[in-house]
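Summary of the model geometry
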Amino acid sequence: MKQSQWMWWNAVLYCMLLGQPLQAQVILKIATGELPPYATKSRPDSGIALNVIRRAFARVGYQVEYHFMPWSRAQAETRIGKWDATAYWGRTSERERDFLLSDNVLTEQWVFLHRRKTPFDWQTLDDLANYQIAVIQDYTYTPDFRARLASRKLHGDATPDDLAALRKLILGRVDIVPMERNVACDLLKRFFREEEADQLAAHPKLMTDRFTTHLMLTRSKPTSTKVLQDFNEGLKQLRDSGEHGGLLQQLSCPLVWSTPSKQVTSSIGP
């Protein structure tokens, strides 16, 4: 028997012993972008969300390769089939039309950040009409929020990324910033001095408690439907085993919560 054949049979026997299907040899190429701590080249696990996706796929016999690039490019190139999938994204009607969306990878916590010296409160989107809001072009936010920006019922200040949004907020160029809470914590810890970070707080009311996130697969490949089914099964196994919850426990954000009547005085830093 040739060495290559011997190695192949060894791989088969190994998979059989582990109870893993032979499709463990399938490698999926997934386009993604930088959004620490959820998706990033700076962490050994590629970020918490991407690690969830990797481990869910591993449970059903797939390997994953992440390719980092600008988010807009990741979505555009996956749509035409250059990549097997892109991760990870909020749900919109346009994305449901253009891609196959997985079950929920994790639910994000989107809040409004503001300067602590300026009391801020909101209960409905109508309450935001008089504020200058930093907004990122490719972000999902919520349908109602996007619709009000489009109709100019809300005043959006076009901003390239979250880091720039935080800098604008600290400098007073915008009044509020909608941002995922753990993303805000990560950026404030890494790029700002403690006295700068201490200037900001987050309103405790979430933009939505249903901000689910998803793996998106291209519709241009005939294998996508089967891959999606397998991924959803792997994700279910990950949840049922308790591993999913354990991965999310890595998220620890000490970002200050504010109230309209009282500004909390504890530090935002470590």
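Before any of the text, the structure's been laid out above.
Residues numbered from 1 in each chain as written. Predicted model: local features only at pLDDT ≥ 70, side-chain atom pairs only at ≥ 80, totals over all residues. Heavy atoms only, no water.

A closer look at the environment of R43
- Secondary-structure assignment places R43 in the loop between β1 (26-32) and α2 (48-59).
- Dropping the residues within four chain positions of it, R43 is found in contact with P37, I48 and Q250.
- In this structure the side chain of R43 is engaged in a polar contact, spanning 2.9 Å, whose partner is the side chain of D45. (Helix = DSSP H or I, 4+ residues; strand = E, 2+ residues; numbered from the N terminus. Contact = heavy atoms within 4.5 Å. Polar contact = N/O pair within 3.5 Å; in protein donor to acceptor, adjacent residues only side chain to side chain.)

A few points about the pairing of strand β7 (residues 155-159)
- For strand β6 (residues 132-136) and β7, the ladder comprises five bridges, and the chain directions are parallel. Its bridge partner being in β7, I136 is matched across the sheet by T159. (Pairing = 2+ DSSP bridges.)

Overview of the nonpolar core
- Residues I30, I53, F57, L113, L128, F145 and L215 are the most contacted members of the largest nonpolar core, which totals 77 residues.
- The leading source of residues in this core is α2, at six residues.
- In contact with L215, other than residues within four places in its own chain, are I30, I53, F57, A85, T86, A87, L100, L101, S102, V105 and F231. (Core = buried A, V, L, I, M, F, W, Y, C linked by side-chain atoms within 4.5 Å. Buried < 20%, exposed > 50% of the residue type's maximum accessible area, 1.4 Å probe, protein only.)

Looking at the layout of surface pockets
- The space that makes up the largest pocket amounts to roughly 650 Å³.
- Lining the largest pocket are 32 residues; nearest its centre among them are E34, L35, W71, Y139 and D162.
- If you tally residues by element for the lining of the largest pocket, the top one is helix α7 (residues 181-191), at four residues.
- Considered class by class, the residues forming the lining of the largest pocket number 17 nonpolar, eight polar and seven charged. (1 Å grid on protein atoms, 1.4 Å probe; cavity = no way out; pocket = protein on both sides within 12 Å on 5 of 7 lines; lining within 4 Å. Points joined across faces, edges and corners; volume = space filled by probe spheres on them. Nonpolar A, V, L, I, M, F, W, Y, C, P; charged D, E, K, R; others polar.)

Regarding the packing of α2 against helix α9 (residues 224-241)
- Orientation of α2 relative to α9, taken along the N-to-C sense of each, is 105°, at an axis distance of 7 Å. Compared by their axis directions, α2 and α9 come out roughly perpendicular. For the pair α2 and α9, the contacting residues are V52, I53, R55, A56, F57 and R59 in the first and V227, F231, G234, L235, Q237, L238 and S241 in the second.
- Along the lines of polarity and charge, the residues of the contact of α2 with α9 split into eight nonpolar, three polar and two charged. (Axes fitted to C-alpha atoms, helices over the stretch in contact; angles between N-to-C directions. Parallel < 35°, antiparallel > 145°, perpendicular 65-115°, else oblique.)

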